[in-house]
Amino acid sequence: MTKTKSSKFKENAMRAVFLGAACVSIIAVLLICIFLFANGLPTMAEIGVFKFLFGTEWAPENGKYGILPMIIGSIYVTAGAIIIGVPTGVLCAVFMAKFCPKGLYRFLKPTIDLLAGIPSIVYGFVALSVVVPIIRNFGGTGQNIITASLLLGIMILPTITSVTESSLRAVPDSYYEGALALGATHERSVFRAVLPAAKSGTLAGVILGVGRAIGETMAVSMIAGNQTVIPSSLTDGVRTLTTHIVIELGYSEGLHREALIATSVVLFVFILIINGCFSALKRREKQ
Amino acid sequence: MNAINKISFKQKMKNYRKHPFSFALMLLVCLAALITAAALVTIIVYVLVRGIPHLSLSLFAWEYNSENVSMMPAIVNTVTMTVLSLLFAVPIGIFSAIYLVEYAKKGNKLVSAVRLTTETLSGIPSIVYGLFGYLMFNKALGWGYSMLGGALTLAIMILPLIMRTTEEALLAVPDSYREGSFGLGAGRLRTVFRIVLPSAIPGILSGVILAIGRIVGETAALIYTSGSVTGIPKNVMGSGRTLAIHMYALFSEGLHMDEAYATGVVLLVLVLLINWLSSLIAKKLEKK
C-alpha cells in the first residue's frame, strides 16, 4: 500500500518537474523581453523616439543618438543577401530535390549541413581575405555593401536550401508526373508544377534566411566597413544594427550604453515581426 | 523496367535543342549547386592553407602570453563552456520535450505557448542573447564577466534546438512500445524512462551534438557575457575566452593574423568532426 502511494507521489512530482521544464522557454522569452524593453524603452523616451529612430547622426560625444543609418544599413545588407541568396538557394534546392543523381546527393547534402555549421567568425575571416580584395577592384576599401551582401547571401544559403528542399520533396509526385504526361520537359514540370506547389514552404525558408541575415553580427562586423553614415552607393561602407551593438558596447558608458541597448530593442522588434510572419505562414500551410 | 525509360545523353541533348529555355534552366540549377559547393570548398581549403603552416606546438602551450598567443587556454575554456551549457540545456530540453510529447493533452493552451516561445527563441540573433546575458547576469545579478553567465546565455540559445530534436525522437518511438509497457503494469514515469527514452537516445544525441557545434562556434553571445580574458579561470565565476572569441580577439588586435588562422583550423576541424559525428548517428537511425 505504501509502495503505491510513494510511486504515485513520484509520478506526480516528476510530472511537475517536466511541466516546470516546459515552462523554462516561456520564462526565458519573458525575461529577454523584460530586460531589453525595461532597459531600452526609457532610453528611447529620454532621447526622443523620433530623434532616435529617424536621427541620421550618431555622435554620442555630442549627445546625438540617431540610428537611422544603422536601420538603413541592415535593410540594404539584408536586401542584398536576399538578391544573392534566395535565387541561388532555391535553385540549389531544386537541384537537390529533382536533378541530383543519388551518388552526388550523398556528398551535396552534408555540404549544405556543413555550410550551416561553420562558425560565423570563420566566414568573416575568409570573406576578409578572399572577397574584400576582389571587391576592392570596384573602388573603395572593399569593405562595403556588396561584400556584406555576398557574405550574407552565402551564409543564408543552407537555411533557404534545406527548408525549400524539404517542401519540394513534400509535393506529391503526381504533380510532376502529370506535367510530364502533358508533354512538358523535365525542367518545365519542375518549375511550373512542383515549385509553385511548394511556394509557401519556399517562402518560409526565405523568411528564416532573412532572419539570419538581419541577426548576423561577427562576420558582418569584420567586412562591412562600419561607418555610421547612410551609404550613398554600393561601394560605401555600412554599419548594421547588430554590428553597431557589438562594436560600441565594449567601451560605452552611461546614456551611450543605454542607447545601444535601445538599438537592440529595435533589432528585437524586427526579429519578432519576421518570426510572426514565419509562424503565420506555417500555420496557413498546415490548414 | 528501368531500361524502358532510360534516355541516352544524346537524346537528352536533342531534346534540349528543341527547348532551349529548359536547357538554360537546367544550367542555372546546376550552377546554383556548383556555387554552393564551391563556397564550402573555398572556405575550408582557404582556412586550411592559410592556417596549417602556422600550427606549431608552441601554440598549444599551457600559458598564453603576448609573445606566444597559445590557444590551449581557449581550448580548455571551450570544453568547459560546452559542458556547462549542456548541463543546463540538456536536462531542461529533454524534460520539456517529454512533457510536450508524453504528458500534455492535445489542444493544451500551455503547449501552444511553449511552441510559440521556442520558435521565437530559435529566431533571436545571438547578439541579442549576448546583450540579454550581459544585462541579466553581468549587471542585474552582478556576476561580471563569468563563464557561468556565458553558459547560461548559451543554454537558453540552444534550448529550442535540443527540444525540437528530442521531440522528434520521442515522436518517432512507436506507440506500441508505450502500450506494451502500460499493459505490463508500468506507470507513465517508468514507461518514459525505461522504454521511450532509451529508444529515443540516438535522435537526442544527434541534436545534442549539433548544439555542441553551435556552442563551439559562438562569438556574439559570449563576447559580453563570458568576456575575453586569455587565461583559464579558476572557477565558473571567472572570465575566459573560448576558441571562437580567441580568434576574434586576435583579429581585432590585428597583430597575430597567422595565429588566428591556425586557431581557425582547429575550430574548423572541430566543427567538421562534430558534423560528421552527428550525421553518422543520424544515418545509424535511418538504417534501423
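Residues numbered from 1 in each chain as written. Chains lettered and ligands numbered in written order. Predicted model: local features only at pLDDT ≥ 70, side-chain atom pairs only at ≥ 80, totals over all residues. Heavy atoms only, no water.

J.: Before we go on, may I ask you to explain the confidence of the model for chain B in this structure?
T.: Where the model shows low pLDDT, its predicted coordinates should not be examined in detail. Across chain B, the average pLDDT comes to 87, with 97% of residues at 70 or higher. Mean pLDDT across the elements of chain B bottoms out in helix α1 (residues 2–5) of chain B (53) and peaks in helix α7 (residues 147–171) of chain B (93). (pLDDT = per-residue confidence, 0-100. Helix = DSSP H or I, 4+ residues; strand = E, 2+ residues; numbered from the N terminus.)

J.: Would you mind showing me how to read a positive patch on the surface here?
T.: Residue and element names in this part refer to chain B. Taken together, K10, K14, R17 and K18 make up a surface patch of like positive charges. By the element assignment, K10 lies in helix α2 (residues 9–18). On the basis of relative accessibility, which here comes to 70%, the residue K10 falls in the exposed class. (Patch = residues over 30% accessible without salt bridge, like charges linked within 9 Å, V, L, I, M, F, W, Y side chains within 5 Å. Areas by Shrake-Rupley, 256 points an atom, 1.4 Å probe, with all protein chains shown as cover. Salt bridge = Lys/Arg side-chain N within 4 Å of Asp/Glu carboxyl O. Lys, Arg positive; Asp, Glu negative; His and termini not counted. Charge placed at Lys NZ, Arg CZ, Asp CG, Glu CD. Buried < 20%, exposed > 50% of the residue type's maximum accessible area, 1.4 Å probe, protein only.)

J.: Help me understand the packing of helix α7 (residues 157–169) of chain A against helix α10 (residues 199–215) of chain A, please; the structure alone is not making it clear to me.
T.: Angle between the axes and distance between the axes are the two parameters that describe a pair of packed helices. Residues and elements named next belong to chain A. Running from amino to carboxyl end, α7 crosses α10 at an angle of 165°, the nearest separation of the two axes being 8 Å. Taken together, the axis directions place α7 and α10 in an arrangement best described as roughly antiparallel. Taken as a pair, α7 and α10 cross one another with a handedness that is right-handed. Facing P158, T159, I160, V163, T164 and S167 of α7, the residues of α10 in contact are G201, T202, A204, G205, V206, L208, G209 and R212. Considered class by class, the residues forming the contact of α7 with α10 number 6 nonpolar, 7 polar and 1 charged. (Axes fitted to C-alpha atoms, helices over the stretch in contact; angles between N-to-C directions. Parallel < 35°, antiparallel > 145°, perpendicular 65-115°, else oblique. Left-handed = near helix turned anticlockwise from the far one by under 90°. Contact = heavy atoms within 4.5 Å. Nonpolar A, V, L, I, M, F, W, Y, C, P; charged D, E, K, R; others polar.)

J.: In this structure, what is going on with the interface of chain B and chain A? I would like to understand it.
T.: Note: interface size is frequently given as the accessible area lost on complex formation between the parts. Counting residues at the interface gives 71 residues for chain B, matched by 72 residues for chain A. Our count for the chain B to chain A interface comes out at 1 salt bridge. Connecting chain B to chain A are 12 residue pairs in polar contact (both at pLDDT 80 or more). Of all the secondary structure elements, the ones that give two or more residues to the side of chain B that touches chain A are α3 (20–51), α4 (72–103), α5 (109–123), α6 (126–140), α7, α9 (188–217), α10 (243–253) and α11 (257–287) of chain B. The greatest single-element share of the side of chain B that touches chain A, amounting to 18 residues, is contributed by α3(B). Here the side of chain B that touches chain A is composed, by residue class, of 54 nonpolar, 12 polar and 5 charged. (Polar contact = N/O pair within 3.5 Å; in protein donor to acceptor, adjacent residues only side chain to side chain.)

J.: Teacher, can you tell me more about the pattern of salt bridges here?
T.: What the rule picks out here adds up to 8 salt bridges over all chains. Between A:E165 and A:K109 there is a salt bridge; the shortest N-O distance is 3.3 Å. Here A:E165 is found in helix α7, whereas its partner A:K109 is found in helix α4 (residues 102–117), with 56 residues between them in sequence. With relative accessibility at 25%, the residue A:K109 sits in the partly exposed group. Across the pair B:D175 and B:R178 runs a salt bridge, and its minimum N-O distance is 2.8 Å. Of the two residues, B:D175 and B:R178 both sit in helix α8 (residues 175–183), 3 residues apart, roughly one turn of that helix.

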